[in-house]
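Summary of the model geometry
Spelled out from the first residue to the last, the chains are:
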Amino acid sequence: MKISTNQATMIGCISPIFWGLSVSLVRTLSETLGVGKGLAINYLIALVFVFLLFGIPNLKAMPLKYYICGLGCAIGTSMTFAFSLGLAKDGTQTMEVGMINYLWPTLTILFAVLFNGQKAKWWVGIGMLLAIYGIFVVLSGNLLIDFKAMWSHIKSNPISYFLALWAAIFWAAYSNFTRAWAKGQNPTTLIFALDTIFFIYLASRSCALLPLEYERCFVCCRISIDYGFGLRHVDLRGPEGPY
């Protein structure tokens, strides 16, 4: 069925909640089973949920440029987001890395205005600046921005912070590619299938059965990410695509 622009926006506003829930869960699983193995099982469970929720898209409807740019950025998002959390050294870094990743809404708006011809009110700029200021506050550990403290935090584990930034860039680019080129299709199932193949290959030499005490954690984690990913697609398609 068709949905209105306002309904699509409201659905999209729910997706950051699920993304936020997934941050600590991904970290917990990575600490317990290792980055590769934890994410492999994670995405395998995810694929089942996504398939049941959204089915298989019409692959012929999407142009080649979307497969190259759009799906490339989506897979890049999955890899960089997951590894940035898995490589964080402690809970504090996990929070900071998660906040850097949350530059994606600001970057999505910026890319939409610059590259997609989206019109924006002047107050959107203020909101973007406040969002960036919030990231700086978290990294500084103080309401007054301390660039020395920020650099000290980043220097302690630059790979994790760098990956989180790229995850935000990839996701913002992917959001705009989807809006422009996806033809109303929801390729979530295809994206998670490709992610699953990669992570299973990564963990193929050290596979082990999932401990029973972590099964619920995996399911909660995958529901959080699946709904966050899927609801974001509904928001991006808006009234132009079938729900």
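What you are looking at is a predicted structure, and each value in this text was computed from that prediction instead of being measured.

**Describing the overall build of the protein chain**
Counting secondary structure elements, the protein chain contains ten helices and zero strands. Reading the helices (α) and strands (β) of the protein chain from amino to carboxyl end gives α-α-α-α-α-α-α-α-α-α. Looking at the 243 residues of the protein chain, the share that counts as buried comes to 46%. For the protein chain, the share of sequence-separated contacts (at least 6 apart) that also reach a separation of at least 24 residues comes to 87%. For the protein chain, the accessible surface area stands at approximately 12600 Å², while carbon and sulfur atoms represent 71% of it.

**Notes on the environment of Val-137**
Of note, Val-137 is situated in helix 6 (residues 122-140). Accessibility expressed as a relative area gives 17% for Val-137, which makes it buried. Taking C-alpha positions, Val-137 is 10.0 Å from Glu-96, a pair spaced 41 residues apart along the chain.

**Some words on helix 8 (residues 158-181)**
With 24 residues, helix 8 extends 34 Å from end C-alpha to end C-alpha; this agrees with the ideal 34 Å at 1.5 Å per step. Where helix 8 terminates, the next one or two residues include Lys-183, which has phi positive at roughly 60°.

**Remarks on the packing of helix 6 against helix 7 (residues 147-156)**
In contact at an axis separation of 8 Å, helix 6 and helix 7 are set at 70° when each is read in the N-to-C sense. Our classification of the angle between helix 6 and helix 7 gives roughly perpendicular. Facing helix 6, whose interface residues are Phe-136, Leu-139 and Ser-140, helix 7 presents Phe-147, Ala-149, Met-150 and His-153. Per-class residue counts for the contact of helix 6 with helix 7 are five nonpolar, two polar and no charged.

**Some words on the packing of helix 5 (residues 104-115) against helix 8**
Remark: helix 5 packs on helix 8, axes separated minimally by 8 Å, with the N-to-C direction vectors making an angle of 45°. The orientation of helix 5 with respect to helix 8, classified from their angle, is oblique. Considering only the axes of helix 5 and helix 8, their crossing is right-handed. Residues Trp-104, Leu-107, Thr-108, Phe-111 and Ala-112 of helix 5 form the contact with helix 8, whose own contacting residues are Ala-168, Ile-169, Trp-171, Ala-172, Ala-173, Ser-175 and Asn-176. Partitioning the contact of helix 5 with helix 8 into residue classes produces nine nonpolar, three polar and no charged.

**Here's the deal with the side chain of Asn-186**
Mapping Asn-186 onto the fold places it in the loop between helix 8 and helix 9 (188-203). Of the polar contacts made by the side chain of Asn-186, one reaches the side chain of Thr-188; its length is 2.4 Å.

**Observations regarding a nonpolar patch on the surface**
Taken together, the side chains of Ile-109, Leu-110, Val-113, Leu-114 and Phe-115 define a hydrophobic patch exposed on the protein surface, amounting to about 460 Å² of accessible area. Looking at the secondary structure, you find Leu-114 in helix 5. On the basis of relative accessible area, Leu-114 is assigned to the exposed category, the value being 54%.

**Quick word on the packing of aromatic side chains**
Within this structure, the stated rule accounts for eight aromatic pairs. Relative to Phe-115, the ring of Phe-111 has its centre 5.8 Å away and its plane inclined at 55°; by these criteria the two rings are tilted. Here Phe-115 and Phe-111 lie together in helix 5, a separation of four residues that amounts to about one turn. On the basis of an interplanar angle of 35° and a centroid distance of 5.3 Å, the ring pair of Trp-171 and Tyr-174 is categorised as tilted. Separated by three residues within a single helix, Trp-171 and Tyr-174 lie in helix 8, roughly one turn from each other.

**Thoughts on helix 9**
Along its 16 residues, helix 9 runs 22 Å from first to last C-alpha, staying within 8% of the 22 Å computed at 1.5 Å per residue. Residues of helix 9 that are buried: Thr-188, Thr-189, Ile-191, Phe-192, Asp-195, Thr-196, Phe-199 and Ala-203. Buried residues in helix 9, looked at end-on, bunch into an arc of 150°, giving them a common side. With respect to the buried face of helix 9, the exposed residues turned more than 90 degrees away are Ile-197 and Tyr-201.

**Some remarks on the nonpolar core**
With 26 residues, the main nonpolar core has Tyr-66, Ile-100, Leu-103, Leu-139 and Tyr-174 as its most contacted residues. Secondary structure elements with two or more residues in this core: helix 3 (64-86), helix 4 (91-101), helix 5, helix 6 and helix 8. In terms of residue count, the dominant contributor to this core is helix 8 (eight residues). Counting twelve residues, the second largest nonpolar core, distinct from the first, contains Ala-46, Phe-83, Phe-199 and Ala-203.

Calculation criteria
- Residues numbered from 1 in each chain as written.
- Predicted model: local features only at pLDDT ≥ 70, side-chain atom pairs only at ≥ 80, totals over all residues.
- Heavy atoms only, no water.
- Helix = DSSP H or I, 4+ residues; strand = E, 2+ residues; numbered from the N terminus.
- Buried < 20%, exposed > 50% of the residue type's maximum accessible area, 1.4 Å probe, protein only.
- Contact = heavy atoms within 4.5 Å.
- Areas by Shrake-Rupley, 256 points an atom, 1.4 Å probe, with all protein chains shown as cover.
- Expected span 1.5 Å × (residues − 1).
- Axes fitted to C-alpha atoms, helices over the stretch in contact; angles between N-to-C directions.
- Parallel < 35°, antiparallel > 145°, perpendicular 65-115°, else oblique.
- Nonpolar A, V, L, I, M, F, W, Y, C, P; charged D, E, K, R; others polar.
- Left-handed = near helix turned anticlockwise from the far one by under 90°.
- Polar contact = N/O pair within 3.5 Å; in protein donor to acceptor, adjacent residues only side chain to side chain.
- Patch = residues over 30% accessible without salt bridge, like charges linked within 9 Å, V, L, I, M, F, W, Y side chains within 5 Å.
- Salt bridge = Lys/Arg side-chain N within 4 Å of Asp/Glu carboxyl O.
- Phe/Tyr/Trp six-rings, centres within 6.5 Å; stacked < 30°, edge-to-face > 60°.
- Arc of directions from axis to C-beta.
- Core = buried A, V, L, I, M, F, W, Y, C linked by side-chain atoms within 4.5 Å.

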